[in-house]
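Coordinate analysis (summary)
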Amino acid sequence: MIQFFQVSKRFPGGQTALDRVSFEIARGQFVFLTGPSGAGKTSLLRLIFREDVPSEGKILVNGRNVSSIPPSKIPYLRRTIGVVFQDFRLIARKTVFENVAYLPRILGVDLKSQKKLAYQALRRVGLAHRLNAFPPELSGGEQQRVAIARALINEPDILIADEPTGNLDPDLSWEILRLFLEVNLRGTTVLLATHDRDMIQRVGRRVITLEAGRLASDQELEGTDPPSIDPVPAELEREAESERTAAPAEEEKPADEEPG
Amino acid sequence: MSFLQALRYFFREALVNLVRGWKVSLLAVLTIAVSLAVGGAFLLVSRNLLASVERWRGEMRVVIYLQPETPAADVERLAGEAAGAPWIASVEAVSPEAARERFQASFPSLSDLVEGLGDEPLPASLEVSLKDPGRRPAELEAWIDGWRKRPEVSMVDDDREWLGQLETVVAIVRGVGLALAGGLLGAAIFTIASVIRLTAYLHHEEISVLRLVGATEFYIRGPFYAEGLLQGLIGGGVAGGLLFAAYTLLRLRAPGSLLTSILASRFLGGAELALIVLLGAAAGLIGAVVSLRRESL
């Protein structure tokens, strides 16, 4: 699903963000990306959704070399990747619905279907009742859940999160982490960057550690106190299936064919 | 998203942006309206001046003033001689008495000036109407020069000389108007570019989210192009309205004046008005394109 081959990233000033990093993440995996501040976590994530290009090496996402994608095709790559940031990146003057429904709107989905999709995405993060609220009216945890709903609305193959709990207190962080684990249970590949070692120790899973731009370790950890995530309930599965079938034709087309 | 859906989205977003940022939008619209109104005013003036020149040209004559005390018989003979040329439509011999009477009729308040003088103060003249006043064949020039050199003639007044000068003035008015309008239009493009850049800056967070979720550049930039286009169209429309208001005002305030008859006898045609509005739209679109070069978004 995500493959890095000897990837390096150097900035024009000569600073090295990544140095010959190689790893592979299989479909459906949940992976923590960790390391101290400045280790290169954000730089690595930005390369995956082609916010940046590597100085050397090759990155394959879903078998496609993202470095060689022409600029006009980058949007189609991004429609298959959900991205969540520490600072939420919600538009304060837009409602929760408008914030969540950006992608269906771009794809030309009609308003009724946009609302349905946004409702379903918000329901997954427990915020269906705040559809018409504005971000400043929400708590930090709620805002992050809205950002996650926005990332999930198109059922992306990959969900990338860059310090998604960095601005949240421990209880809210745990709540957000549970959401990511639930999303992963439904088959989405999750790559979550964090420097919260305690969280990683508790949850376990695969952990890729960067130090000074180099891959310091890549190991499977047994969690000391993993959260109990229920397997996907049958009801949720049915709902997910109905989402897929109820989505308008535009949604069902491969993202590459969308002109919007 | 289909092209039509995209256009609908672009113009809806552009209208929202125009309303939300109405102060800066108004600045852009007014700048473009003023520049186009100035250009349009010069167009209107030069168009009316040219129409006046054409009208005058149709009424144009060559007047041959004879030496004082030229005998009446000689006046008639010279009139007959002048009428023989092929480009002459008619020749009217005006005696000194008739000239004085005309003067007194035309300028009653000055009639005392020519009254009570012993001799007739005005010379006899030949008023020559031409068959095709618009043309100036070399033969006609030579014919007029020939009359100027004759001993019986004191002066030849050729209307075409000052009409030619007037045409030069019209050309200068048009040129100055075009240059001024061009300069002002450049300023308007700059203003629109600045307004669009400001709008884009105010939306930079949303633009980054749109990029993140997979919006194409076409989708991201479209609303800004539509905004520039709308500002230009509105500016062009306002310019047309301003021109019509000035034209109507001049005709209402001074309906029979020389100024009105020369400068405002006719308003701009539909094609010229459409050109002004289209120029506005083009300026708006250029402003948007200039402001949204890749590095500025």
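Residues numbered from 1 in each chain as written. Chains lettered and ligands numbered in written order. Predicted model: local features only at pLDDT ≥ 70, side-chain atom pairs only at ≥ 80, totals over all residues.

A few words now on the overall build of chain B. When helices and strands are tallied, chain B shows ten helices and four strands. Element order for chain B, N to C, with α for helix and β for strand: α-α-β-α-β-α-β-α-β-α-α-α-α-α. Counting only residues that meet the buried cut, chain B has 32% of its 297 residues in that class. Counting only contacts in chain B whose residues sit at least 6 apart along the sequence, the fraction spanning at least 24 positions is 86%. (Helix = DSSP H or I, 4+ residues; strand = E, 2+ residues; numbered from the N terminus. Buried ≥ 20, exposed ≤ 12 C-beta atoms within 10 Å, placed from the backbone. Contact = placed C-beta atoms within 7 Å.)

Adjacent strands of a sheet form backbone hydrogen bonds with each other and so pair up, either parallel or antiparallel. All names here are of chain A. Strand order in the open sheet formed by four strands is 2-1-4-5, with antiparallel pairing between adjacent strands. A strand with exactly one partner marks an edge of an open sheet, and here the two such strands are strand 2 (16–25) and strand 5 (64–65). Across six bridges, strand 1 (residues 2–10) lies against strand 2 in antiparallel orientation. Note that in strand 2 the partner of V7 across the bridge is V21. (Pairing = 2+ DSSP bridges.)

Attention shifts here to the sheet that holds strand 3 (residues 125–130) of chain B. Residue and element names in this part refer to chain B. The strand order across the open sheet formed by four strands is 2-3-1-4, and the pairing between neighbours is antiparallel. Each edge of the open sheet carries a strand with a single partner, namely strand 2 (88–94) and strand 4 (153–158). Between one strand axis and the next, the sheet turns through 15° on average, direction left out of account. Of the pairings in the sheet, the one linking strand 1 (residues 61–66) to strand 3 comprises five bridges and is antiparallel in character. Pairing of V62 across the sheet is with V128, part of strand 3. Taken strand by strand, helix 5 (residues 138–149) contacts strand 1 and strand 4, and its axis lies near 150° from that of strand 4. (Axes fitted to C-alpha atoms, helices over the stretch in contact; angles between N-to-C directions.)

Next up on the list: the confidence of the model for chain A. Across chain A, the average pLDDT comes to 87, with 88% of residues at 70 or higher. Scored below 50 in pLDDT, residues 246–259 of chain A makes 21 contacts in the model with residues more than four places away or belonging to other chains. (pLDDT = per-residue confidence, 0-100.)

Let us look at the interface of chain A and chain B. Counting residues at the interface gives 14 residues for chain A, matched by 14 residues for chain B. Of the residues in the side of chain A that touches chain B, the class split is nine nonpolar, two polar and three charged. (Nonpolar A, V, L, I, M, F, W, Y, C, P; charged D, E, K, R; others polar.)

Residues and elements named next belong to chain A. Here N62, not a glycine, exhibits a phi torsion of approximately 55°, which is positive. Its location among the elements puts N62 in the loop between strand 4 (56–61) and strand 5. Residue A212 is not a glycine yet carries a positive backbone phi of 50°. As for its position among the elements, A212 is in the loop between strand 9 (204–211) and strand 10 (214–222).

In this section: the nonpolar core. I48, V100, A149, I153, I160 and L191 of chain A together with I192 of chain B are the most contacted members of the largest nonpolar core, which totals 115 residues. No other element matches the eleven residues that helix 8 (residues 217–253) of chain B contributes to this core. What I48 of chain A contacts, discounting residues up to four positions off in sequence, is I2, I59, V61, I81 and I160 of chain A. Formed by 15 residues, the second largest nonpolar core is a distinct cluster that contains L66, V75, V91 and A93 of chain B. (Core = buried A, V, L, I, M, F, W, Y, C linked by C-beta atoms within 7 Å.)

This paragraph deals with the environment of S43 of chain A. All names here are of chain A. You can see S43 is positioned in helix 1 (residues 41–48). For S43, a count of 21 C-beta atoms within 10 Å gives the class buried. Residues S43 and A17, 26 residues apart in the sequence, show an inter-C-alpha distance of 6.6 Å. Apart from the residues within four sequence positions on either side, S43 is in contact with K9, A17, L18 and D52.

Looking now at helix 7 (residues 204–213) of chain B. When we look at burial in helix 7 of chain B, the residues that qualify are V209, L210, L212 and V213 of chain B. Each buried residue of helix 7 of chain B lies within a common arc of 160° when the element is viewed along its axis, so the set occupies one face. Those residues of helix 7 of chain B that are buried are in contact with helix 2 (74–78), strand 6 (81–85) and helix 4 (102–106) of chain A together with helix 8 of chain B. Positive backbone phi, approximately 105°, marks G214 of chain B, located one or two places after helix 7 of chain B. (Arc of directions from axis to C-beta.)

Moving on, we get to the pairing of strand 3 (residues 30–34) of chain A. All names here are of chain A. When you tally the buried positions in strand 3, you get five out of five residues, the bulk of the element. On strand 3, burial covers both faces: F30, F32 and T34 on one face and V31 and L33 on the other are all buried. Relative to strand 8 (residues 189–193), strand 3 runs parallel, the two being bridged by four bridges. From the neighbouring strand, V31 faces strand 8, where its bridge partner is L191. Taken together, the four bridges between strand 3 and strand 9 define a ladder with parallel strand orientation. Counterpart to F32 in the pairing with strand 9 is V207.

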